[in-house]
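Chain residues, written in single-letter form:
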Amino acid sequence: METIVCKISETAEQVWLKEAGEILAAGGLVGIPTETVYGLAANALDAEAAAKIYAAKGRPSDNPLIVHISDISMLEGLVSEIPDTARKLAEKFWPGPLTMIFPKSDVVPYGTTGGLDTVAVRMPSHPVARKLIGTTGIVLAAPSANTSGRPSPTRAEHVYEDLNGKIDMILDDGPVGIGIESTIVDVSGDVPMILRPGYITREMMMEVVGEVCVDPAILNENKDKNFRPKAPGMKYKHYAPKGDLTLVSGTSEKVVEKIRELASEKLAAGFRVGIIATEETKALYAMAGPQAVSPVVMSIGTRKDENTITHNLYDILRRMDGENVSYIYSESFGEGSRGQAIMNRLLKAAGHQQIYV
Ligand code: TXA
Ligand code: MG
């Protein structure tokens, strides 16, 4: 089966709504844009439809899906309890890139929650996702629409690249805005706990609910194997490009110097090399190996605006794949308010290879 790609900008709203709605009602799969990344959507209350998501992505069956709603009234049926902190966070950040974990109600199948008694719920702000959920009344289980282990998709082309022939339809609304996945917070305890850092920062949540903590497993990732992340998906290698990625951290000047050194070694050995730079530094990597072969230098964005970095992160990892580079060296981005979220993704992509200078 060839996947139908429907460009939102060229299609009447009632047409794409009807086609996508029919597919979802029949238990099929539709790639949809959200404000964070593209999602692979199916009816969250249909265990068979959810099973198709796992099959299409090649996703381990213990890795639960996020359920997407378009109105707060939809939350009540899905969960057995709504803590006060959740109400406050929902009021402030929904619709938007925040996912909360609740005790599930009986209507949510274990096939959607990976066997857990909790369910992750988020209300996306993207107009296409909202319209689709609101019009069909179908709550949508939607993980990121990539093959398991690959970088998350920020453009419809990425979804097509990974899932063509495995899903029924893709709604193409161009590149997404944010570019990294939602923040996940567990609201079941006294103090909300961040299970996955994302666009909504700890500081933003603390302004609304006071204390907020971070799953120690996120901070200790790969340093201590005794920490098991509370979001099952966080334990898997993820987002990896095909080339061998290493992050270089330290003061800007030393980072540039180290990356130049590493890149020229590999160029001299005859490898194709990629460099993830910024607008501020990209010109500093002009160099050539033997036979005048240069590294592939890509700017991820500007340090003056962190949003440019999240926006381009996954796209750049995929573009590096397209360049067939064997080694990739990247600058680090830990300092801004979303530094933790950015470094969490990049470190996973690098299999935690990091050099300090
Ligand atoms: O921005 C996003 O959240 C995107 C868009 C499409 O909405 N979705 C997304 O889904 O990133 P996915 O499946 O790629 O990541 C879901 C994460 C996984 O790490 C999973 O383990 C965790 O959420 N998760 C889901 N349900 C959970 C639960 N009940 N308890 C703990 N973690 C949960
Ligand atoms: Mg994912």
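Residues numbered from 1 in each chain as written. Chains lettered and ligands numbered in written order. Predicted model: local features only at pLDDT ≥ 70, side-chain atom pairs only at ≥ 80, totals over all residues. Heavy atoms only, no water.

**Here's the deal with the overall build of the protein**
A count of helices and strands for the protein gives twelve helices and 16 strands. Taking 2.2 N^0.38 as the reference for a compact globule, 357 residues should give roughly 21 Å; the C-alpha atoms of the protein span a radius of gyration of 21 Å, in line with that estimate. With respect to the three principal axes, the spread of C-alpha positions in the protein is 60 × 50 × 35 Å. Residues classed as buried in the protein amount to 55% of the 357 residues present. For the protein, long-range pairs separated by at least 24 residues make up 67% of all intrachain contacts whose partners lie at least 6 apart in sequence. Surface exposure of the protein reaches about 14,900 Å², of which carbon and sulfur atoms provide 50%. Once the 37 positive and 45 negative side-chain charges of the protein are each reduced to a mean point, those two points are 4 Å apart. (Helix = DSSP H or I, 4+ residues; strand = E, 2+ residues; numbered from the N terminus. Rg over C-alpha atoms; globule rule 2.2 N^0.38 Å. Buried < 20%, exposed > 50% of the residue type's maximum accessible area, 1.4 Å probe, protein only. Contact = heavy atoms within 4.5 Å. Areas by Shrake-Rupley, 256 points an atom, 1.4 Å probe, with all protein chains shown as cover. Lys, Arg positive; Asp, Glu negative; His and termini not counted. Charge placed at Lys NZ, Arg CZ, Asp CG, Glu CD.)

**Points about the site of ligand 1**
Around ligand 1 sit 29 residues in total, of which Thr36, Asn63, His68, Ser182 and Gly233 are the nearest. Between ligand 1 and Asn63 there is a distance of 2.7 Å, counted from an oxygen atom to a side-chain nitrogen or oxygen. Measuring from an oxygen atom of ligand 1, one finds a backbone N or O atom of Gly233 at 2.6 Å. Against a free-state accessible area of 690 Å², the protein chains account for coverage of 98% of ligand 1. Top contributing element to the shell around ligand 1 by residue count: strand S6 (residues 118-122), with four residues. Considering only residue class, the shell around ligand 1 consists of 15 nonpolar, nine polar and five charged. (Near = heavy atom within 4 Å. Polar contact = N/O pair within 3.5 Å; in protein donor to acceptor, adjacent residues only side chain to side chain. Nonpolar A, V, L, I, M, F, W, Y, C, P; charged D, E, K, R; others polar.)

**Here's the deal with the packing of helix H4 (residues 84-93) against helix H8 (residues 202-209)**
Packing of H4 against H8 brings their axes to within 10 Å, and their N-to-C directions diverge by 120 degrees. Viewed along their axes, H4 and H8 adopt a mutual orientation that is oblique. Taken as a pair, H4 and H8 cross one another with a handedness that is right-handed. Where H4 abuts H8, its residues Thr85, Lys88, Leu89, Lys92 and Phe93 lie against Met204, Met205, Val208 and Val209. Residue composition of the contact of H4 with H8, grouped by class: six nonpolar, one polar and two charged. (Axes fitted to C-alpha atoms, helices over the stretch in contact; angles between N-to-C directions. Parallel < 35°, antiparallel > 145°, perpendicular 65-115°, else oblique. Left-handed = near helix turned anticlockwise from the far one by under 90°.)

**Structural notes on the UniProt feature "binding site: L-threonine" (unreviewed entry) in the protein**
UniProt tags Thr36, His68, Arg122, Ala142 and Ser182 as "binding site: L-threonine" (unreviewed entry). The named residues occupy 147 residues along the chain; their greatest pairwise C-alpha distance, 12.7 Å, places them in one compact cluster. Its place among the elements puts Ala142 in the loop between strand S7 (140-141) and helix H7 (156-163). For Ala142, the contacting residues outside a window of four places in its chain are Gly39, Leu40, Ala41, Ile66 and His68. Considering the arrangement of structural elements, one finds Ser182 in the loop between strand S8 (169-172) and strand S9 (183-186). In this structure Ser182 comes out as buried when scored by relative accessible area, which is 2%. A distance of 2.8 Å separates the side chain of Ser182 from the side chain of Thr99, its partner in a polar contact. (UniProt positions renumbered as here; feature names shortened; annotations may be inferred.)

**Regarding the UniProt feature "binding site: ATP" (unreviewed entry) in the protein**
Residues given the UniProt feature "binding site: ATP" (unreviewed entry) here are Arg59, Asn63, Thr118, Ser144, Ser152, Arg196 and Tyr239. Spanning 181 residues, the named residues are also spread out in space, since their farthest C-alpha pair is 25.2 Å apart. Apart from the residues lying within four places of it in its own chain, the contact partners of Ser152 are Val37, Ser144, Asn146, His158, Glu181, His238, Tyr239, Tyr314 and Arg318. With a relative accessible area of 11%, Arg196 lands in the buried category. If sequence neighbours within four positions are ignored, Arg196 has contacts with Ile66, Glu181, Ser182, Thr183, Ile184, Met234 and Arg345. In terms of polar contacts, Arg196 uses its side chain to reach the backbone carbonyl oxygen of Ser182, at 3.0 Å.

**Looking at the sheet that holds strand S15 (residues 327-331)**
Within a sheet, each strand pairs with its neighbour through backbone hydrogen bonds, oriented either parallel or antiparallel. Taken in spatial order, the five strands line up as S14-S13-S15-S12-S16 in an open sheet, and their pairing is parallel. Among the strands making up the open sheet, the edge pair consists of strand S14 (296-299) and strand S16 (354-356). This sheet shows a mean twist of 20 degrees between the axes of neighbouring strands, independent of strand direction. Two strands pair when backbone bridges link them, and strand S13 (residues 273-277) and S15 are joined in this way by four bridges, in the parallel orientation. Within the sheet, the bridge partner assigned to Val273 lies in S15 and is Tyr327. Strands strand S12 (244-249), S13, S15 and S16 of the sheet are contacted by helix H10 (residues 252-268), whose axis makes an angle of about 175 degrees with S15. (Pairing = 2+ DSSP bridges.)

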